Protein chains: 4
Amino acid sequence: ELGGFVDDIRKIEPDYIRSFLWEAKLLPSTWIVIRIDGCHFHRFSTLHEFVKPNDERALNLMNSCAVGLLEEFQDLVFAYGVSDEYSFIMKKDSQLYQRQASDIVTAVVSLFTSLYVTKWRDFFPHKELKYPPSFDGRAVCYPSSEILTDYLAWRQVDCHINNQYNTCFWELVKSGKSKIEAQNILKGTQTPEKNELLKQFGISDYNTLPVMFRQGSSVFWDKEDITPEHENGTCNGTYRKKVVVEHCNIIEPDFWNSHPSILNLKP
Amino acid sequence: ELGGFVDDIRKIEPDYIRSFLWEAKLLPSTWIVIRIDGCHFHRFSTLHEFVKPNDERALNLMNSCAVGLLEEFQDLVFAYGVSDEYSFIMKKDSQLYQRQASDIVTAVVSLFTSLYVTKWRDFFPHKELKYPPSFDGRAVCYPSSEILTDYLAWRQVDCHINNQYNTCFWELVKSGKSKIEAQNILKGTQTPEKNELLKQFGISDYNTLPVMFRQGSSVFWDKEDITPEHENGTCNGTYRKKVVVEHCNIIEPDFWNSHPSILNLKP
Amino acid sequence: ELGGFVDDIRKIEPDYIRSFLWEAKLLPSTWIVIRIDGCHFHRFSTLHEFVKPNDERALNLMNSCAVGLLEEFQDLVFAYGVSDEYSFIMKKDSQLYQRQASDIVTAVVSLFTSLYVTKWRDFFPHKELKYPPSFDGRAVCYPSSEILTDYLAWRQVDCHINNQYNTCFWELVKSGKSKIEAQNILKGTQTPEKNELLKQFGISDYNTLPVMFRQGSSVFWDKEDITPEHENGTCNGTYRKKVVVEHCNIIEPDFWNSHPSILNLKP
Amino acid sequence: ELGGFVDDIRKIEPDYIRSFLWEAKLLPSTWIVIRIDGCHFHRFSTLHEFVKPNDERALNLMNSCAVGLLEEFQDLVFAYGVSDEYSFIMKKDSQLYQRQASDIVTAVVSLFTSLYVTKWRDFFPHKELKYPPSFDGRAVCYPSSEILTDYLAWRQVDCHINNQYNTCFWELVKSGKSKIEAQNILKGTQTPEKNELLKQFGISDYNTLPVMFRQGSSVFWDKEDITPEHENGTCNGTYRKKVVVEHCNIIEPDFWNSHPSILNLKP
């Protein structure tokens with residue numbers, strides 16, 4: 001029945017229709033941060049009974065997806081994750097998708113989502129996905145490595161503040177307070193009062209909590225020593241590059257100074 | 001070890017870091033088309049042994065994901081799909097994500113991807129996913145329903161042209177030609193010559209091919225008659241709305257005239 | 001001394017430098033409104049002793065510049081001005097500067113400024129320009145003629161509200177009140193109270209004020225009868241098109257219905 | 001007659017109409033270059049009988065306008081001009097107009113135009129403006145001072161190339177060749193051939209041509225020694241800042257190194 005319509009093709013003028021396409025190129029020579037966030041993950045984590053305030057399996061699943069992203073996109077040089085949020089850093093001179101914002105951000109979000117669903121069973125072997133999880137994302141440009149590391153420091157500070165609050169909140173809830181009561185108790189408290197409160201629940205030192213919960217996860221390419229152990233004990237220094245997940249302090253300059261290749265910093 | 005950094009929070013100035021965030025609001029009162037495409041689906045379809053030129057299971061999987069999108073996002077009023085591409089139409093006055101382009105396009109792409117992986121087994125029960133599929137996407141605004149329907153017509157014309165070409169191409173390949181030979185034979189041919197060629201392969205009439213292959217898939221909310229059959233044969237006209245998949249001609253105005261509620265056209 | 005540098009030309013890579021250029025195309029098939037405003041015209045009008053609340057010469061100068069714009073840019077179909085603000089309407093399908101926003105808005109602002117300075121002496125023959133006046137501008141797209149006329153109605157409503165307020169304000173000031181006192185007296189007053197106040201100053205009917213002050217100025221191409229008067233009194237209906245300045249009500253549909261060619265409205 | 005319409009104000013919904021306004025913020029912490037170009041200045045320069053290939057008065061008028069811009073906008077730190085083109089550099093952290101692109105570029109273009117018309121008589125005392133000149137403009141962001149100085153070097157290289165070509169072209173024309181003949185003679189010639197040609201016209205050394213023609217004009221704030229000459233010959237080093245116009249080589253790093261305050265370069 002469609003046979004006749006080919007005669008009408010010219011009426012449609014594809015060039016005119018394509019002219020509405022709107023391009024947003026990201027400024028050249030700037031660091032691109034693609035930040036993704038779980039859509040409605042409050043509901044998702046409740047329905048899938050995530051451990052509160054931090055579910056180790058869920059965080060490891062997020063980290064595993066981030067590793068997959070760095071392995072797939074060569075221009076991603078670093079990623080930082082906390083809770084249901086992940087920030088991917090694309091190198092300054094990347095020409096991926098000619099720096100078209102939509103293409104970059106959708107390709108990253110889509111692959112992350114795909115990995116999340118695919119890998120779910122590896123991390124939650126006894127739990128079925130009750131509905132398909134999804135993520136939203138956006139791309140932001142940072143013109144210098146200083147501002148970029150400030151961005152990452154800001155995310156890690158946020159991780160710390162949220163974790164401190166959430167640890168207190170859930171200890172209160174587990175002790176029998178309602179969520180409203182817990183909120184009211186915490187309103188306006190500062191770090192010393194929160195530490196005091198944690199002591200009452202047997203957490204004598206906040207810093208003994210797992211470092212992944214306190215400092216989030218950093219994902220990057222690192223050298224791995226694969227030197228086979230020689231009989232005579234010599235070492236020929238053979239390395240291969242590998243994506244690693246670490247839970248380091250990225251606020252202080254030490255991390256960046258000891259990994260200068262990540263941001264291609266000059267010594 | 002991170003304990004001391006909270007003193008440094010103020011140095012980071014979140015407002016400054018947030019000021020780099022870049023917003024692209026889609027023009028109000030225009031139709032938003034979110035078009036998604038499979039990333040490297042040539043490779044994906046080969047590796048997963050899709051039937052050529054059209055794999056019914058793969059198309060039905062795409063359609064099923066599109067149905068899921070319309071069920072999730074109330075503002076999506078229509079979708080048109082062909083091959084590994086799908087266009088979703090969001091109504092003119094949608095305020096979803098305050099019309100922020102990144103948020104809209106990533107949420108759509110991500111849920112589509114999530115559904116694709118989740119539903120894979122329903123359509124390919126005996127085939128494992130060999131690697132995580134992904135999609136890219138973009139949003140385009142169309143200021144009138146006339147230009148919007150021209151856009152959709154353009155996609156359907158493309159479906160027809162590609163299907164005609166691909167059907168000939170794969171018949172040639174199945175008959176023993178190499179892909180290069182098949183390409184050379186088809187170079188510059190018009191519809192009559194392609195029809196002639198199809199006849200040699202036993203396809204006497206192109207229009208007898210499955211309509212989904214020739215016309216793509218249209219997805220929209222439609223009324224479904226759920227009147228229970230009365231004993232006395234009367235009918236009380238009870239309906240419920242349901243997302244349907246049809247393979248209709250959306251180039252001619254007939255479809256839009258007989259479904260005026262989709263684009264909210266005035267009679 | 002520069003002789004040697006030509007050898008270095010290739011190092012600079014013009015393509016790289018050009019790649020930072022950022023384009024914002026205005027959505028096709030939408031009405032473009034370029035609105036310009038005087039920069040710091042409060043100061044400019046005081047220093048050049050404009051009559052308050054409305055200076056007829058200054059408004060006529062603005063109108064004369066707007067006429068010049070319509071005569072220069074064929075795609076401008078209408079303009080509406082009030083005080084130190086002017087809105088220019090560019091037709092939906094204009095391809096001027098390939099709809100590049102910066103080019104369009106700067107070309108309009110620049111020519112307006114140039115005309116303003118050039119024509120100043122015609123309207124203020126006995127007053128020197130004390131410093132160079134300037135204007136800023138922006139382009140906004142409106143996807144339908146309904147929303148476009150709503151935009152223009154909004155500007156005319158603003159004209160009315162401001163004029164009513166300013167007329168009261170300056171009558172109070174002329175009567176000996178300070179500007180602060182005048183502001184306080186007017187705070188929170190509605191139209192009936194303002195009309196009452198005007199009566200005290202001898203303005204028995206607001207509508208007797210000059211229509212240009214109350215309704216602003218509309219600029220458009222209109223037909224002018226240039227039929228030469230025949231000796232025998234017959235008329236052969238010869239017209240030429242001419243840019244006119246009128247002070248009509250553009251809120252009601254009457255104006256647009258009686259000038260359908262401006263927005264190319266279908267009867 | 002407009003008296004009744006105030007009742008209708010609410011129907012217009014200013015917030016809805018304002019929602020179409022489209023903002024393009026320039027990326028923070030990047031150098032903003034606003035480049036302006038004369039509109040149709042080929043025609044303008046011919047009609048006003050500019051001396052070819054370079055009219056000293058016209059260039060000085062351009063320079064004088066650029067000085068006015070730097071005096072008005074504190075955030076403009078440098079400008080470079082050649083022919084009917086001028087590039088203005090706004091400092092990285094400028095918050096002028098909250099970095100809104102349209103506002104910045106129109107304010108710069110408009111004031112430049114206003115100055116050009118106002119100052120015309122100072123530079124062309126015996127020539128009337130035959131029609132109002134205008135300029136278009138655009139804003140581009142550069143993320144580092146290296147790329148910014150590359151941009152400026154590119155403009156100066158262009159100045160040199162164009163001046164060399166134009167000098168030859170107009171010598172040929174003055175010698176009696178037609179413009180077409182002159183073009184054909186110059187087609188494909190390199191610097192040595194052009195220098196040879198200039199020698200035939202008595203220009204033994206290109207570098208003896210006025211430096212403003214060869215190197216364009218740089219405009220910036222500089223210290224001026226205003227030490228009054230003491231009777232005893234001592235000097236107390238009193239300076240004031242002043243906008244200067246120089247014709248220096250800005251391709252080599254020397255200029256930037258000896259004026260580190262312009263781009264706020266660290267020593």
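In this text, all values refer to a predicted model and were calculated from it rather than measured experimentally.

So, how was this worked out
Residues numbered from 1 in each chain as written. Chains lettered and ligands numbered in written order. Predicted model: local features only at pLDDT ≥ 70, side-chain atom pairs only at ≥ 80, totals over all residues. Heavy atoms only, no water. Helix = DSSP H or I, 4+ residues; strand = E, 2+ residues; numbered from the N terminus. Rg over C-alpha atoms; globule rule 2.2 N^0.38 Å. Buried < 20%, exposed > 50% of the residue type's maximum accessible area, 1.4 Å probe, protein only. Contact = heavy atoms within 4.5 Å. Areas by Shrake-Rupley, 256 points an atom, 1.4 Å probe, with all protein chains shown as cover. Least-squares fit on C-alpha atoms with pLDDT ≥ 70 in both. Arc of directions from axis to C-beta. Expected span 1.5 Å × (residues − 1). Phe/Tyr/Trp six-rings, centres within 6.5 Å; stacked < 30°, edge-to-face > 60°. Lys NZ or Arg CZ within 6 Å of the ring centre and 35° of its normal. Buried area = accessible area lost by both parts, 1.4 Å probe. Salt bridge = Lys/Arg side-chain N within 4 Å of Asp/Glu carboxyl O. Polar contact = N/O pair within 3.5 Å; in protein donor to acceptor, adjacent residues only side chain to side chain. Nonpolar A, V, L, I, M, F, W, Y, C, P; charged D, E, K, R; others polar. Pairing = 2+ DSSP bridges. Axes fitted to C-alpha atoms, helices over the stretch in contact; angles between N-to-C directions. Left-handed = near helix turned anticlockwise from the far one by under 90°.

A. Expanded view of the overall build of chain A. What chain A contains, in helices and strands, is ten helices and six strands. Relative to the globule expectation of 18 Å for 267 residues, the C-alpha radius of gyration of chain A, 23 Å, shows a markedly less compact shape. Going through the 267 residues of chain A one by one, you find that 54% of them count as buried. In chain A, once contacts between residues fewer than 6 apart in sequence are set aside, the share between residues at least 24 apart is 71%. Carbon and sulfur atoms form 49% of the exposed surface of chain A, whose accessible area is close to 13,000 Å².

B. Looking closely at the relation of the copies chain B and chain D. Structural alignment of chain B on chain D gives an RMSD of 0.1 Å, achieved by rotating through 180° and translating 0.1 Å along the axis. This pairing of chains is accounted for by a two-fold axis. Most of the interface of chain B is mirrored in chain D, where 100% of its interface residues are also at the interface.

C. Spatial organisation of the relation of the copies chain C and chain D. Of the transformation superimposing chain C on chain D, the axial component is 0.0 Å and the angular component is 180°, with the fit at an RMSD of 0.0 Å. A share of 100% of the interface residues of chain C reappears at the interface of chain D, consistent with the copies meeting face to face through the same patch.

D. Helix 8 (residues 191-200) of chain D, seen in detail. Residues and elements named next belong to chain D. Looking only at helix 8, the buried set comprises Lys-194, Leu-197 and Leu-198. The arc enclosing the buried residues of helix 8, seen along the axis, measures out at 100°, which places them on a common side. Residues of helix 8 that are exposed and point over 90 degrees away from its buried face: Pro-192 and Gln-200. Among the structural elements, helix 6 (145-174) and helix 7 (179-186) are those in contact with the buried residues of helix 8.

E. Quick peek at helix 6 (residues 145-174) of chain A. All names here are of chain A. When the terminal C-alpha atoms of helix 6 are compared, their 43 Å separation across 30 residues agrees well with the 44 Å that a helix rising 1.5 Å per residue should span. Counting buried positions over the 30 residues of helix 6 gives 21, a clear majority of the element. Where helix 6 terminates, the next one or two residues include Gly-176, which has phi positive at roughly 115°.

F. Expanded view of the packing of aromatic side chains. With the rule as written, the count across this model stands at 108 aromatic pairs over all chains. Ring geometry for Tyr-86 of chain B against Phe-112 of chain B: centres 6.2 Å apart, planes inclined by 45°, an arrangement best described as tilted. One end of the pair, Tyr-86 of chain B, is in strand 3 (residues 85-90); the other, Phe-112 of chain B, is in helix 5 (residues 101-123), with 26 residues separating them in the sequence. Residue Tyr-86 of chain B is classed as buried on the basis of its relative accessible area, which comes to 1%. An aromatic cluster is defined as three or more aromatic residues linked by ring pairs; in this entry it consists of Phe-41, Phe-44, Phe-50, Tyr-86, Phe-88, Phe-112, Tyr-116, Trp-120, Phe-124, Tyr-131 and Phe-135 of chain A. One cation-aromatic arrangement involves Arg-155 of chain A over Trp-154 of chain A; the distance from NZ or CZ to the ring centre is 4.5 Å.

G. Molecular detail of the interface of chain C and chain D. Facing the 61 residues of chain C at the interface are 61 residues of chain D. In total, chain C and chain D occlude about 5,100 Å² of area from one another, counting both sides; carbon and sulfur atoms represent 69% of this. The tally of links from chain C across to chain D stands at two salt bridges. We note a salt bridge from Arg-138 of chain C to Asp-103 of chain D, for which the minimum N-O separation is 3.0 Å. Scanning the region where chain C abuts chain D turns up twelve residue pairs in polar contact (both at pLDDT 80 or more). Secondary structure elements with two or more residues in the side of chain C that touches chain D: helix 1 (9-12), helix 2 (14-18), helix 5 (101-123), strand 4 (135-142), helix 6 (145-174) and helix 9 (211-215) of chain C. Take the side of chain C that touches chain D: its biggest share by element is 14 residues, from helix 5 of chain C.

H. Unusual backbone geometry, seen in detail. All names here are of chain B. The linkage connecting Lys-52 with the following residue, Pro-53, adopts the cis geometry, with an omega of 0°. Mapped onto the elements of the fold, Pro-53 is located in the loop between helix 3 (41-47) and helix 4 (56-72). Of note, the phi angle at Arg-99 is positive, near 60°, even though the residue is not glycine. Tracing the backbone shows Arg-99 in the loop between strand 3 and helix 5.

I. Seen up close, the side chain of Gln-100 of chain C. Residues and elements named next belong to chain C. By the secondary structure assignment, Gln-100 is in the loop between strand 3 (85-90) and helix 5. At 2.8 Å, the side chain of Gln-100 forms a polar contact with the backbone nitrogen of Ala-24. If we ignore the near neighbours within four places in the chain, the residues touching Gln-100 are Glu-23, Ala-24 and Lys-25.

J. View of the interface of chain B and chain D. The interface is formed by seven residues belonging to chain B together with seven residues belonging to chain D. Taking both sides of the interface into account, the surface hidden between chain B and chain D amounts to around 560 Å²; carbon and sulfur atoms contribute 65%. When the buried surface of chain B facing chain D is broken down by residue, Tyr-16, Phe-20 and Pro-28 of chain B rank first, second and third, together holding 61% of it. Our count for the contact surface shared by chain B and chain D stands at zero residue pairs in polar contact (both at pLDDT 80 or more). Considering only residue class, the side of chain B that touches chain D consists of four nonpolar, two polar and one charged.

K. Main features of the pairing of strand 2 (residues 76-82) of chain C. Residues and elements named next belong to chain C. The element strand 2 is extensively covered by neighbouring structure, given that seven of its seven residues are classed as buried. As judged from the six bridges shared by strand 2 and strand 3, these two strands associate in the antiparallel manner. The residue bridging Phe-78 from the neighbouring strand is Ile-89, located in strand 3. Between strand 2 and strand 3, which pair antiparallel in sequence order, lie two residues; one of them, Ser-83, sits at a positive phi of approximately 55°.

L. Layout of the environment of Phe-213 of chain A. All names here are of chain A. Relative to the helices and strands, Phe-213 resides in helix 9 (residues 211-215). With ten residues separating them along the chain, Phe-213 and Ile-203 place their C-alpha atoms 14 Å apart. Excluding residues within four positions of it along the chain, Phe-213 makes contact with Asn-54, Glu-56, Leu-59, Cys-159 and Asn-163.

M. Spatial organisation of the packing of helix 6 of chain D against helix 8 of chain D. Residues and elements named next belong to chain D. At a minimum axis distance of 10 Å, the contact between helix 6 and helix 8 shows a crossing angle of 40°. In the crossing of helix 6 with helix 8, the sense of the turn from one axis to the other is left-handed. Each of Gln-164, Tyr-165, Thr-167, Cys-168 and Leu-172 in helix 6 lies in contact with helix 8, whose residues at this interface are Thr-191, Lys-194, Asn-195, Leu-197 and Leu-198. Split into classes, the residues belonging to the contact of helix 6 with helix 8 amount to five nonpolar, four polar and one charged.

N. Examining the pairing of strand 1 (residues 31-38) of chain B more closely. Residue and element names in this part refer to chain B. The buried fraction of strand 1 is high, at seven of eight residues. Judged from the six bridges that link them, strand 1 and strand 3 form a sheet pairing that is antiparallel. When the sheet's bridge partners are listed, Ile-36 is paired in strand 3 with Tyr-86.

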